[in-house]
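# A look at the structure
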Protein chains: 2
Amino acid sequence: MLATIIHGERDVRLEEVPDPVLSTGGDAIVRVVATCVCGSDLWPYRGVTPTSQPRRIGHEFVGVVEAVGPEVATIEPGDFVIAPFYDCDMTCVNCENGVSASCLHGGWWGADDRSGAFADGGQGQKVRVPHADGSLVATPEYPREELIPSLLALSDVMGTGHHAAVSAGVRPGSTVVVVGDGAVGLCAVLASARLGASRIVAMSRHESRQALAREFGATDIVAERGDAGVAAVKGLLDGIGADCVLEAVGTKESMDQAIRSCRPGGMVGYVGVPNGGPELPVRPLFASNVGVNGGFAPVRNYVEELLRDVWSGAIEPGRVFDLQVPLSDIAEAYAAMDERRAIKALVRP
Amino acid sequence: MLATIIHGERDVRLEEVPDPVLSTGGDAIVRVVATCVCGSDLWPYRGVTPTSQPRRIGHEFVGVVEAVGPEVATIEPGDFVIAPFYDCDMTCVNCENGVSASCLHGGWWGADDRSGAFADGGQGQKVRVPHADGSLVATPEYPREELIPSLLALSDVMGTGHHAAVSAGVRPGSTVVVVGDGAVGLCAVLASARLGASRIVAMSRHESRQALAREFGATDIVAERGDAGVAAVKGLLDGIGADCVLEAVGTKESMDQAIRSCRPGGMVGYVGVPNGGPELPVRPLFASNVGVNGGFAPVRNYVEELLRDVWSGAIEPGRVFDLQVPLSDIAEAYAAMDERRAIKALVRP
């Protein structure tokens, strides 16, 4: 089959690789119907994270089950399934605590599972899923074509935006600031609206992203950053800042922006993978009782809840995909996101 | 009147100072019935925080109202009152949000208020309270003598321990670890038990404090620290750590202990004033979805709720006072706490 291999900085190639095979009894083979490029894939692509040797890449996909191992109980060949951006069993104590991204037996796509069998990356024609019963959620029936982008968004970005909102404690009536206007930030706006926030301030300087943020439920846009951004946010929110600030970037600057946009006693929900490891400044947090909560989003725990609203058409997170390319053009999908010509690229094998 | 003045390292003296006078219309004069020494008072006492010039010290007190300004509506001369460790109006947006320690118009004892009139420190015979209606809570009647230590604990330590528990989200059935066996840590144990925690692990190496922790509701004691402490905690709690970890010390080591004792997806509630500013390590927090929440405890917001249980005898936080001295022996109160001969010293003017 064909799969995407990253060789180094700005060098991703579609190459022939061995077809996946069932190995562990509880696994499944999924034929990928749609995959995409994640903001975090751009780190190795840009060389921020070095690539020491060619490796599989990709971790977001939806598809059709082709085969299952003998121990698989809930998934059948022919099912259309959503996979989270990691593998998990949904039976360990962390999964049961709602933190499936810390599954005691799970792992990451494009790497060996705990038994030593390979789990393919998502940007290819097929993927072997180690814990099929845990990781995969089947849709009620084969989806209409127009639902596929929003179903794919449940694999990562929508669940991650939702996790930012949940981590910050967004509830009906909350005031919210979202730092970051990438696909996750936009999904965080949508998640906040879905949870009943009364005021959602999107910090964005890009006109097309501002427009989508408004369609997703943003009530206000702040284009300024730094001190001016903080002043603008406080000017909109009682002079004190937001109840909940959702950080969806992961840099020191964005976290600083988030903390300073939060009112005393408020909470920052952060899902931007810390890029270079900004440390959190404990003294200003302590002085203002601003909390910080978040991390790798346990998107698998959220799939059922969010799927209901995607299936009914109540939310359309798939609108963050503003470019669609065939798998053969995977390099263009990366380039378009790298150059910010696309918010997020959907890729069809 | 007599009041405590800190002159420098290990040099506190009782000295004659001017009697306080009503100044701003909304203030009150309180005759102090009981005060105490806070762990944070030991910082200037030990010279960790330099004392550039002699100044008033103390911020925890209960007493009897002697006089009130013409604008005071809810407090009357003769009332027995509890003061929080700061002054606040309870009408600003931060107070209404439950974060009275960030009152927009309040301030700290032993300093000028926003109008420029002086608010005395708590370790003296009398205190001028700038926002009497906001800051002071009157008890239903003059308390029995044996209730006074527990009422005084509502001025800081019990409300602060409760804030750690609230910040960490302690609820019925939670598993809890408390890092720190000072008065606040012990009150955090008591607060966790009061909120229904099913398992409370107190990290303590001191036999008398272990005993009080058990009486306050600790189900387990861990005497080890560092790696051994983390291993012992995980051994008691499903191999993963606690739902909620309450940090009541404020050093880099104690925060590290707290974070590593927390399960994936759990929350650290911290109330130990960061001593020297340990930064929070964002990458391990992100990887495990451990949140950090807390700060200066808004104890005034908790007084009514906790007072009911103190008044009924359901909780006795005043048991953290294991030394009582007259105000004339204030220097001994400091020395006993500095030398860890006492958990906390109660001082009677």
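Positions within a chain are numbered from 1, following the residues in the order the chain's sequence is written. For this description, chains carry letters from A and ligands carry numbers from 1, given in the order in which they are written. Restriction of local features to residues with pLDDT of at least 70 applies here, the model being predicted, together with a cutoff of 80 or more for giving and counting side-chain atom pairs; totals for whole chains, interfaces and linings are based on all residues. Derived side-chain values reflect all non-hydrogen atoms in the structure, with water molecules and hydrogen atoms excluded from consideration.

## Here's the deal with the domain arrangement of chain A
Residue and element names in this part refer to chain A. Each domain's extent was defined by an automatic or database domain assignment. Once the domains are mapped, chain A shows domain 1 (1-155 + 297-345) and domain 2 (156-292). Of note, the centres of domain 1 and domain 2, computed from C-alpha atoms alone, are 27 Å apart. Any two residues having at least one pair of non-hydrogen atoms within 4.5 Å are treated as being in contact. Listed as interface residues are 26 residues of domain 1 and, on the opposing side, 23 residues of domain 2. When domain 1 packs against domain 2, the two sides together hide about 2100 Å² of surface, and 63% of this comes from carbon and sulfur. Buried area: the accessible surface (1.4 Å probe) lost by two parts on joining, summed over both.

## Re the packing of aromatic side chains
Planes of paired rings set the category: under 30 degrees apart is stacked, over 60 is edge-to-face and the rest tilted, where pairs are Phe, Tyr or Trp rings (Trp by its six-membered ring) whose centres lie within 6.5 Å. Taken as a whole and judged by the stated rule, the model has 18 aromatic pairs over all chains. Ring centres 5.2 Å apart and planes at 75° place the aromatic pair Phe80 of chain A and Tyr142 of chain A in the edge-to-face group. With a gap of 62 residues between them, Phe80 of chain A in strand β6 (residues 80-83) and Tyr142 of chain A in the loop between β10 (137-138) and α4 (148-153) connect regions that are remote in the sequence. Throughout, exposure labels follow a simple rule: accessible area from a 1.4 Å probe, protein chains only, divided by the maximum for the residue type, with under 20% read as buried, over 50% as exposed, and the rest as partly exposed. With relative accessibility at 3%, the residue Phe80 of chain A sits in the buried group. A ring pair is formed by Phe85 of chain A and Trp108 of chain A, whose centres lie 6.5 Å apart and whose planes are at 20°; its orientation type is stacked. With Phe85 of chain A in the loop between β6 and α2 (93-96) and Trp108 of chain A in the loop between α2 and β7 (111-112), this residue pair connects regions lying 23 residues apart in the sequence. Note on Phe85 of chain A: relative accessible area 9%, which makes it buried. You can call Trp108 of chain A partly exposed: its relative accessible area is 42%. Three or more aromatic residues joined by ring pairs make a cluster, and in this case those are Phe85, Tyr86, Trp108, Tyr270 and Phe296 of chain A together with Phe286 of chain B. Comment: elements are numbered from the N terminus, with helices defined as DSSP H or I runs of at least four residues and strands as E runs of at least two.

## Considering the pattern of salt bridges
Within this document, salt bridges are pairs made up of a side-chain nitrogen of Lys or Arg and a carboxyl oxygen of Asp or Glu, the two lying within 4 Å of each other. According to the stated counting rule, one finds 50 salt bridges over all chains in the structure shown. One salt bridge connects Arg13 of chain A with Asp11 of chain A, and the closest N-O pair in it is separated by 2.9 Å. Classification of Asp11 of chain A as partly exposed rests on a relative accessible area of 23%. Of the charged contacts in the structure, one is a salt bridge between Asp338 of chain B and Arg46 of chain B, with a shortest N-O distance of 2.7 Å. Here Asp338 of chain B, found in helix α12 (residues 330-338), pairs with Arg46 of chain B, found in helix α1 (residues 42-46); they are 292 residues apart in sequence, far enough to count as distant. By relative accessible area, Arg46 of chain B is classed as partly exposed at 32%. A single salt-bridge network, built from bridges that share partners, covers Glu9, Arg10, Arg46 and Asp338 of chain A.

## Regarding the UniProt feature "domain: Alcohol dehydrogenase-like N-terminal" (unreviewed entry) in chain A
UniProt positions are given in the numbering used here, feature names are shortened, and annotations may be inferred rather than shown by experiment. The positions UniProt marks with the feature "domain: Alcohol dehydrogenase-like N-terminal" (unreviewed entry) are residues 26-133 of chain A. For residues 26-133 of chain A, the end-to-end C-alpha separation is 7 Å, with 10% helix and 29% strand making up the annotated structure.

## Considering the confidence of the model for chain A
Summary statistics for chain A give a mean pLDDT of 96 and a share of 99% for residues scoring 70 or more. The complex model carries a pTM of 0.96, and its ipTM stands at 0.95. By definition, pLDDT measures how confident the predictor is in each residue, and it falls between 0 and 100.

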